Amino acid sequence: MIKPKKLSIFQGKSFLAEKDFTKEELEYLIDFSIHLKDLKKRGIPHRYLEGKNIALLFEKTSTRTRSAFTTAAIDLGAHPEFLGSSDIQLGKKESVEDTAKVLGSMFDGIEFRGFSQENVEALARYSGVPVWNGLTDEWHPTQMIADFMTIKENFGHLDGLTLTYMGDGRNNVANSLLMTGAILGVNIHICTPKSLFPDKKLIEEAQTIAEKTGSHVFVTDDTAQGVKHSNVIYTDVWVSMGEEKKFAERVELLQPYQVNMELLRKTGTLAEDLIVLHCLPAFHDKNTIYGQNIYKEFGISEMEITDEVFRSKYGHQFEEAENRMHSIKAVMAATLGNLFIPKA
Ligand code: CP
Ligand code: NVA
């Protein structure tokens, strides 16, 4: 049972990057997410943000993060207001600092999805209210709570598990998995071509944390070594938002890192417990404009994950997507909520 005393450590804090939180704090957010999911499923109200106003700033597009923040805020009794990049002055006619001061005087909490990590940090510094990072070029921290929540729901625990991330080793999701796994004590393998290895400083930072938590951090370009004994195979798009010019280069580089049945067999855990996660959106068929263009240009109908794996019993990406809502609710409620949770 979640104890209110423990949750008070989050009060008024922003959620900008995983590295700002301890193992215990991240575990609390994961467990609180599972608790809120249970309340939602049982129809028990949990209006911890009654009367609050939440600003949702989106410089980049989104399906899950926007929907999750919107529905989570409404379930919590708050009013969410979407402010897209073409709706407000931010960046074009007004600085981040001035925007933060204005929004902070009217809203009780701010979500930001955009390019620069510095901007989300500046919003937190100048707004005076909790700011939640809904993805930047560097980190995707709310995604991590949903991901490790999904893993915990499937395995019943996180201890001793190994997660292998396949694909672009330098993107926001890879960075976040590396850091969060190290903090939580989950073994993290990043399997990617040498030219896409994570930043050296980040690997060292993760390794230093991993030494304390007992996690094993392993970065390799060898797919067989990378997936061996893995319990979770994770992948993400080969080209992230804002890098659309890199399709040709990434298709060439990342095809050997595709998550397909042959790769799953190399884990050696296929007959036991193996799950596949993807933060989504995914290119697993030709049913998108990008998918069609890639097929015309490069002759491939699937990119980072095959349709077979995506639709197989191993794929848990839609549970993971639903968990974005429960976990974002936990992050907002813990940092901004008027929490009263009776002791068990
Ligand atoms: N996983 C994720 O962040 O999805 P969206 O880009 O749709 O928000
Ligand atoms: N790495 C991806 C994640 C999408 C949720 C991107 O930044 O586009």
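The rules behind the values
- Residues numbered from 1 in each chain as written.
- Chains lettered and ligands numbered in written order.
- Predicted model: local features only at pLDDT ≥ 70, side-chain atom pairs only at ≥ 80, totals over all residues.
- Heavy atoms only, no water.
- Helix = DSSP H or I, 4+ residues; strand = E, 2+ residues; numbered from the N terminus.
- Buried < 20%, exposed > 50% of the residue type's maximum accessible area, 1.4 Å probe, protein only.
- Near = heavy atom within 4 Å.
- Polar contact = N/O pair within 3.5 Å; in protein donor to acceptor, adjacent residues only side chain to side chain.
- Areas by Shrake-Rupley, 256 points an atom, 1.4 Å probe, with all protein chains shown as cover.
- Nonpolar A, V, L, I, M, F, W, Y, C, P; charged D, E, K, R; others polar.

What follows concerns unusual backbone geometry. Leaving glycine out, the prevailing phi sign among residues is negative, and the prevailing peptide bond configuration is trans. Note the cis peptide between Leu280 and Pro281, where omega equals 5°. For Pro281, the position within the fold is in the loop between strand E9 (275–278) and helix H12 (289–298). Located in the positive-phi region is His229, a residue other than glycine, with phi close to 65°. With respect to the helices, strands and loops of the structure, His229 is situated in the loop between helix H9 (223–227) and strand E8 (232–235). Of note in the backbone geometry, Leu280 takes a positive phi value of approximately 65° without being a glycine. As for its position among the elements, Leu280 is in the loop between E9 and H12. The class of Leu280 is buried, set by a relative accessible area of 9%.

Contacts to ligand 1 come from Ser62, Thr63, Arg64, Thr65, Arg113, His140, Gln143, Cys279, Leu280 and Arg324. Thr65 places a side-chain nitrogen or oxygen 2.7 Å from an oxygen atom of ligand 1. The contact in question runs from a nitrogen atom of ligand 1 to an N or O atom on the backbone of Leu280, over 3.0 Å. Considering ligand 1 on its own, with 260 Å² of exposed area, one finds that the protein chains cover 95% of that surface. Among the residues forming the shell around ligand 1, the class breakdown is two nonpolar, five polar and three charged.

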